[in-house]
Amino acid sequence: MVTWSRVKSPWLIHMNTGSCNGCDIEILTALAPKLDAERYGVKLVGSPRHADIMICTGPVTDKMKIAVVKTYEQIPNPKFVVVVGSCGSSGGIYKNSYITLDGVDNVIPVDLYIPGCPPKPEAVFFGIAMLLEKLSSGKLPDLKGEIL
Amino acid sequence: MKISNIKYDLPIDENVIISKRNLVSGEQIIVLKPKMIRKTIENWVKNNFSFHISSLYVIDEIDRFELFYYVIHRKSNLSFILAEVLDYNNPTTQTISDLSGTIFYEGEATEMFGINFEGNKVTEVFLPENWNKGFPMRKGWEKSKKGDKIE
Ligand code: SF4
């Protein structure tokens, strides 16, 4: 029952961890009417305490590190982290910068990477669909940082 | 982890390598024979190697184009660069947008430099509609005169 409800209404918390805003716009496009991820119950929520999936964009700047960890800790278990964009996956164009931490996985564990600069909304949608498909199998997916 | 370990995880056929050189940052540029990048990446995808293409950039060398794919090795988070040299008069190569998320990178290279990625349909996204003033990032491109209208 819990799995069923989680698959039917995965709520997302979106966190900009230092992105240029390109990926954020693509995430919103995936939720907007053309692709309409909301028809699968996917919904953006304002509080991490209500969320199942954390979507991160950006390479994680020094200042954002504490915020990322605190937000992650506030999400109830089981929780999943999806990284959107090359920056969040590896640092992207900010790789080796003095002020970034070269990817979200250096701060919190990541389940799924959607690389691209920015990835198309279809790719974001596909990533979420893949996560839901694995969730619907009944047991919690062990994605081990799968790359789309 | 050294680059030799990356080679173990992301194998490149020695026969398709033209040259290798190191950047000051320690990253390696591996220049491949024409149209071999797709084959190499196809092989990586087929074998589930963990990598992604972080960025793609082009340099106009006046008599040729150099195309660079910035590859990130996921497990070690180290990077290296795959390169291909393209003929200036007919800069054509194969797309890899169906294998890894490079659809916009290739579209941008097409619009700015006129590089033709066979199979990539994203070719009219970055410049204004009905742009007919050539490829603005090429050396020698003349910007429009004052008062010119973009139709
Ligand atoms: S991956 Fe590209 S679009 Fe996304 S945050 Fe980084 S620079 Fe911006």
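Below: a short report on this structure. (Residues numbered from 1 in each chain as written. Chains lettered and ligands numbered in written order. Predicted model: local features only at pLDDT ≥ 70, side-chain atom pairs only at ≥ 80, totals over all residues. Heavy atoms only, no water.)

## Observations regarding the overall build of chain B
Line of reasoning, step 1. Secondary structure summary: chain B contains three helices and seven strands in total.
Line of reasoning, step 2. In sequence order, the secondary structure elements of chain B are arranged as α-β-β-α-β-β-β-β-α-β.
Line of reasoning, step 3. Buried residues in chain B amount to 46% of all 151 residues.
Line of reasoning, step 4. In chain B, the proportion of contacts linking residues at least 24 apart, taken out of those at least 6 apart, comes to 47%. (Helix = DSSP H or I, 4+ residues; strand = E, 2+ residues; numbered from the N terminus. Buried < 20%, exposed > 50% of the residue type's maximum accessible area, 1.4 Å probe, protein only. Contact = heavy atoms within 4.5 Å.)

## Section: the nonpolar core
Line of reasoning, step 1. One finds Ile 12, Leu 32, Trp 44, Tyr 69 and Leu 82 of chain B to be the most contacted residues of the largest nonpolar core, which totals 30 residues.
Line of reasoning, step 2. Taken together, the elements giving at least two residues each to this core come down to strand 2 (28–32), helix 2 (37–46), strand 3 (51–60), strand 4 (64–73), strand 5 (78–87) and helix 3 (103–113) of chain B.
Line of reasoning, step 3. Grouped together as the second largest cluster of nonpolar side chains are 22 residues, Val 7, Val 42, Leu 112 and Val 124 of chain A included. (Core = buried A, V, L, I, M, F, W, Y, C linked by side-chain atoms within 4.5 Å.)

## Some remarks on the interface of chain B and chain A
Size of an interface: often given as the accessible area lost when the parts come together.
Line of reasoning, step 1. Every contact between the two is made by 15 residues of chain B and, on the other side, 16 residues of chain A.
Line of reasoning, step 2. Between chain B and chain A, roughly 1,200 Å² of surface is buried when both sides are summed, and carbon and sulfur atoms account for 56% of that area.
Line of reasoning, step 3. Its largest share of buried area at the contact with chain A, chain B owes to Arg 74, Asn 77 and Phe 104 of chain B, together 43% of the area lost on that side.
Line of reasoning, step 4. At the boundary of chain B with chain A, the tally comes to zero salt bridges.
Line of reasoning, step 5. Viewed at the interface, chain A and chain B are joined by four residue pairs in polar contact (both at pLDDT 80 or more).
Line of reasoning, step 6. Among the elements that take part in the side of chain B that touches chain A, strand 3 of chain B stands out by supplying four residues, more than any other. (Buried area = accessible area lost by both parts, 1.4 Å probe. Salt bridge = Lys/Arg side-chain N within 4 Å of Asp/Glu carboxyl O. Polar contact = N/O pair within 3.5 Å; in protein donor to acceptor, adjacent residues only side chain to side chain.)

## Thoughts on the sheet that holds strand 1 (residues 17–22) of chain B
All names here are of chain B.
Line of reasoning, step 1. Across the sheet, which stays open at both edges, the five strands sit in the order 1-2-5-4-3 with mixed pairing between neighbours. Two strands close off the open sheet at either side, each with one partner strand: strand 1 and strand 3. Going from strand to strand, the sheet's axes swing by 20° on average, the running direction of each strand aside.
Line of reasoning, step 2. The sheet contacts of helix 2 involve strand 2, strand 3, strand 4 and strand 5, and relative to strand 5 the element is tilted by about 145°.
Line of reasoning, step 3. Its contacts with the sheet place helix 3 against strand 3 and strand 4, and it is angled at close to 5° to strand 3. (Pairing = 2+ DSSP bridges. Axes fitted to C-alpha atoms, helices over the stretch in contact; angles between N-to-C directions.)

## What to know about the pattern of salt bridges
Residue and element names in this part refer to chain B.
Line of reasoning, step 1. As enumerated under the stated definition, the model contains five salt bridges over all chains in all.
Line of reasoning, step 2. Put simply, Lys 35 and Glu 118 hold a salt bridge, and the shortest N to O gap is 3.5 Å. Here Glu 118 lies in strand 7 (residues 116–118) and Lys 35 lies in the loop between strand 2 and helix 2, a separation of 83 residues in the sequence.
Line of reasoning, step 3. Notably, a salt bridge pairs Asp 63 with Arg 64, separated by 3.3 Å at the nearest N-O pair.
Line of reasoning, step 4. A single salt-bridge network, built from bridges that share partners, covers Arg 38, Glu 42 and Asp 98.

## With respect to the side chain of Arg 138 of chain B
Residues and elements named next belong to chain B.
Line of reasoning, step 1. Looking at where Arg 138 falls in the secondary structure, it is placed in the segment after strand 7.
Line of reasoning, step 2. Only 2.8 Å separates the side chain of Arg 138 from the backbone oxygen of Phe 113, close enough to count as a polar contact.
Line of reasoning, step 3. Sequence-distant contacts of Arg 138, defined by excluding residues within four places in its chain, comprise Asp 60, Phe 65, Tyr 88, Pro 91, Met 112, Phe 113 and Gly 114.

## A look at the environment of Trp 131 of chain B
Residues and elements named next belong to chain B.
Line of reasoning, step 1. With respect to the secondary-structure elements, Trp 131 resides in the segment after strand 7.
Line of reasoning, step 2. With a relative accessible area of 23%, Trp 131 lands in the partly exposed category.
Line of reasoning, step 3. Between the C-alpha atoms of Trp 131 and Glu 111, which are 20 residues apart in sequence, the distance is 9.6 Å.

## Topic: the site of the ligand
All names here are of chain A.
Line of reasoning, step 1. Close to the ligand lie Ser 19, Cys 20, Gly 22, Cys 23, Gly 85, Ser 86, Cys 87, Ile 93, Gly 116, Cys 117 and Pro 118, which account for all nearby residues.
Line of reasoning, step 2. Contributing elements (two or more residues each) for the shell around the ligand: helix 2 (22–31) and helix 4 (86–90).
Line of reasoning, step 3. When the residues that make up the shell around the ligand are grouped by side-chain class, the tally is six nonpolar, five polar and no charged. (Near = heavy atom within 4 Å. Nonpolar A, V, L, I, M, F, W, Y, C, P; charged D, E, K, R; others polar.)

So, to be careful, I would describe these as geometric facts and stop short of saying anything about function.
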